[in-house]
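# Architecture and fold: a report
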Amino acid sequence: MDKTSGSSSGGVDRTIAMLELLALAEEPLKLSDIAHRLDIPKSASHRILTSLLENGWARQSNESDCYALTIRMALIGQKQLDRLKVTDLKQPILNDLAERTRELVRLTAVQNNSLVWIGSARGRRSGLVFEPDMSAAISPFATANGKIWLASLEREHALRIALEAGLGQAGQSSASIRSIDALTKALDETKGQGYGRARGEAEEGVGAIAVAIKQGDAVVGTMSVAAPLTRLTDDKVAEIVPLLHRAASNMSIAWQSN
């Protein structure tokens, strides 16, 4: 039995989960498939589906006995986009995360075996503010974005990218990773915790955490929150990581729409 089965909020959570499942499905789903994917009883799935059908949010195919959303969600979503005058679905996600964290949020894309900056949003206008160079190259072994990307690759490929990018060469900060063994350990840690972290390695006094943006199993980009190390404490990181993962999930959807 799932954790929400006995709570009043559980019904809302299940309904939201079902709406998301149906919205992202490539084709209509059977009741048994819906129940299995959401890990809830078929009886509960049927009750939610019945409510969605009665309120015009879902439809049932008589031929295949499958369920899909109606155009209602798309119409409401389009009305919201029109109201916000949104032409790029990625930017509102960056803006929202920046507002929630009160720090700098940046977005990268994987291009030609490297990462490039493609977007940003600032959550703080006063006090100690980090001013990034958005034209600068992204070090794959000295940045949070780079580490979470490398951790998603086959290890031999990741190490080759790092070496070609200058791993172990002169001119790097004292905090930067300098050896294959150290990078291997860092990538294992990154993969285990589900996010990359940098502590003044690429930019002195600046820390960052980053998560991957995926399309299927492939990492297509990364998203990070950066701040002065004095603000990016372990407690602060623990607060930001769930927000960052949720934003990355939304960004994965927006990635397909632009």
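Residues numbered from 1 in each chain as written. Predicted model: local features only at pLDDT ≥ 70, side-chain atom pairs only at ≥ 80, totals over all residues. Heavy atoms only, no water.

### Structural notes on the overall build of the protein chain
Stated formally: Think of it this way: any DSSP run of H or I at least four residues long counts as a helix, any run of E at least two long counts as a strand, and we number them from the N terminus. Here's how the labels work: a residue is buried when its accessible area is under 20% of the maximum for its type, exposed when over 50%, partly exposed in between, all with a 1.4 Å probe on protein chains only. Residues are treated as being in contact if the distance between any of their heavy atoms lies within 4.5 Å. Only the protein chains shown count as cover for residues, and the accessible areas themselves come from Shrake-Rupley with a 1.4 Å probe.
A count of helices and strands for the protein chain gives nine helices and eight strands. Within the protein chain, the proportion of its 258 residues that are buried is 40%. Sequence-distant contacts, at least 24 apart, represent 55% of the contacts inside the protein chain between residues at least 6 apart. A total of about 14,500 Å² of accessible surface is found on the protein chain, and carbon and sulfur atoms cover 49% of it.

### Things to note about the packing of aromatic side chains
Quick reminder of the rule: Centre distance within 6.5 Å is the pairing criterion for rings of Phe, Tyr and Trp, where only the six-membered ring of Trp is used; planes under 30 degrees apart are then read as stacked, over 60 as edge-to-face, and the remainder as tilted. Whether a charge lies above a ring is judged from NZ of Lys or CZ of Arg, which has to be within 6 Å of the ring centre and within 35 degrees of the ring normal.
Applying the stated criterion across every chain, the model contains zero aromatic pairs. Between the NZ or CZ atom of Lys90 and the centre of the ring of Trp255, over which it lies, the distance is 5.2 Å. The cationic tip of Arg106 hangs over the ring face of Trp117; the distance from NZ or CZ to the ring centre is 4.1 Å.

### Observations regarding the environment of Lys214
In this fold, Lys214 is placed in strand S7 (residues 206–215). C-alpha of Lys214 to C-alpha of Ala248: the two residues are 34 residues apart in sequence and 8.3 Å apart in space. Dropping the residues within four chain positions of it, Lys214 is found in contact with Val219, Val220 and Ser252.

### Focus: unusual backbone geometry
Positioned with a positive phi, Arg102 is a non-glycine residue whose angle comes to about 65°. Looking at the element boundaries, Arg102 is found in the loop between helix H5 (90–101) and strand S4 (104–111). Even without being glycine, Asn113 reaches a positive phi, approximately 65°. Take Asn113: its relative accessible area is 41%, and that puts it in the partly exposed class.

### Side note on the nonpolar core
Where a protein is soluble and globular, its nonpolar side chains tend to be buried together. Put simply, the rule is: What is meant by a nonpolar core is a set of buried Ala, Val, Leu, Ile, Met, Phe, Trp, Tyr and Cys residues, joined one to another through side-chain atoms within 4.5 Å.
In terms of nonpolar packing, the biggest core is built from 26 residues, with Ile209, Ile213, Met223 and Met251 touching the most fellow members. Elements represented by at least two residues in this core include exactly H5, S4, S7, strand S8 (218–228) and helix H9 (234–257). No other element matches H9, which puts nine residues into this core. Listed in part, the 18 residues of the second largest apolar core include Leu115, Ile138, Ala186 and Leu187.

### What to know about the sheet that holds strand S2 (residues 58–60)
Stated formally: Being paired, for any two strands, means DSSP has found at least two bridges between them.
Pairing is antiparallel across the open sheet formed by three strands, whose spatial order is S1-S3-S2. Among the strands making up the open sheet, the edge pair consists of strand S1 (29–30) and S2.

### Notes on helix H2 (residues 31–38)
As a reminder of what qualifies: The directions considered for the arc are those from the helix axis to the C-beta atoms.
Of all the residues in H2, the buried ones are Leu31, Ile34 and Ala35. Each buried residue of H2 sits inside an arc of 95° when the element is viewed along its axis, so together they form one side. The exposed residues of H2 that point more than 90 degrees off its buried face are His36 and Arg37. Following H2 by one or two positions, Asp39 adopts a phi angle in the positive range, close to 60°.

### Comments concerning the pattern of salt bridges
Rules: For this document, the term salt bridge refers to a Lys or Arg side-chain nitrogen within 4 Å of an Asp or Glu carboxyl oxygen.
One pass over the full model with this rule turns up eight salt bridges. In this structure, Arg197 engages Asp234 in a salt bridge whose closest nitrogen and oxygen atoms are separated by 2.9 Å. Here Asp234 lies in helix H9 and Arg197 lies in strand S6 (residues 196–199), a separation of 37 residues in the sequence. Note on Arg197: relative accessible area 12%, which makes it buried. On the accessibility criterion, Asp234 (52% relative accessible area) is exposed.

### A look at helix H6 (residues 144–151)
Burial of H6 is extensive: eight of the eight residues sit out of reach of the surface. Looking only at H6, the buried set comprises Ala144, Asn145, Gly146, Lys147, Ile148, Trp149, Leu150 and Ala151.

So far we have only geometry, and geometry alone does not tell us how the molecule works.
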